[in-house]
Amino acid sequence: NLIIDNPDSGAEKRKGYLNCGNIPSGNVPVATFKYTPSPGDDRLIVSDTQNYYETVDCSTFTSVRGGQTASAMPDCEQVYGDMWCVNGTDDVFRWNGTSSTVMDGTSNTPDVPIGAHIEFEMGRVGIARSTGSRSSFFFSALSNTNGDVITPSSSTAWIAANEIFFGKDDGDSIFGIK
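Colleague: For the side chain of D75, give the residues involved together with the corresponding values.
Modeller: Looking at where D75 falls in the secondary structure, it is placed in strand 7 (residues 75-79). Only 3.0 Å separates the side chain of D75 from the backbone nitrogen of I118, close enough to count as a polar contact. Residues in contact with D75, not counting those within four places in the same chain, are F33, W84, C85, V86, A116, H117 and I118.

Next comes the structure, spelled out in structure tokens:
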């Protein structure tokens, strides 16, 4: 049981684990994600698949979102100051530390494709394995049609042309992205 990617010492023995309290739903947490909305403000997003909570101390939990599909495994990624979450079944949502926003194309939100995996790199959000195509990889635009720089949360960031297929209709699914 080693940490293998420490640049100073190579491999080192793990120092054990910390029990992070009990989440309000009473269910067993299945996923945790580090969330840092501003430097030095480290938080943890905890999910039991149906519910998402935020905590800074593993004792007090703030509800982020509930009512998600119980059989869908969550994946979250920090996008600038927000935490974006997907599960392959429900609409993508983002949490800004105060409120969550569903990104389904209504109320001037982007129509972000539903997908099972999410990553953020170099100003783009990538989402893979949509409900419509298990071989699809979607990515946000960096600029709008006028050439103006936009963020992934812009209502114009998700255009149909930004979809790549990997082995389309070959029967296989995308099982992760990095």
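Colleague: Requested: an account of unusual backbone geometry, with residues and values cited.
Modeller: Even without being glycine, C58 reaches a positive phi, approximately 65 degrees. Mapped onto the secondary structure, C58 falls in the loop between strand 5 (52-55) and strand 6 (62-65). Residue class for C58 comes out buried when judged on its relative accessible area of 18%.

Colleague: Now, about the sheet that holds strand 7: what can you tell me, with residues and values included?
Modeller: Hydrogen bonding along the main chain pairs the strands of a sheet, whether they run parallel or antiparallel. Here we have four strands laid out as an open sheet, ordered 7-8-9-10, and antiparallel in their pairing. Looking along the sheet, the strands with just one partner apiece sit at the ends: strand 7 and strand 10 (100-102). The sheet shows a mean angle of 25 degrees between the axes of neighbouring strands, taken without regard to direction. The sheet contact formed by strand 8 (residues 82-86) and strand 9 (residues 93-95) spans three bridges and is antiparallel. Residue M83 lies in a different strand from strand 9, and its bridge partner there is W95.

Colleague: Run through the side chain of R94, naming residues and quoting values.
Modeller: Inspection of the secondary structure assignment puts R94 in strand 9. Assessed through its relative accessible area of 17%, R94 is described here as buried. Here the side chain of R94 touches D82 through a polar contact of 3.4 Å, side chain to side chain. With residues near it in sequence (within four places) discarded, R94 still touches D82, M83, W84, S99, S100, T101, M103, P110 and S153.

Cut-offs used in this document
- Residues numbered from 1 in each chain as written.
- Predicted model: local features only at pLDDT ≥ 70, side-chain atom pairs only at ≥ 80, totals over all residues.
- Heavy atoms only, no water.
- Helix = DSSP H or I, 4+ residues; strand = E, 2+ residues; numbered from the N terminus.
- Polar contact = N/O pair within 3.5 Å; in protein donor to acceptor, adjacent residues only side chain to side chain.
- Contact = heavy atoms within 4.5 Å.
- Buried < 20%, exposed > 50% of the residue type's maximum accessible area, 1.4 Å probe, protein only.
- Pairing = 2+ DSSP bridges.
- Axes fitted to C-alpha atoms, helices over the stretch in contact; angles between N-to-C directions.

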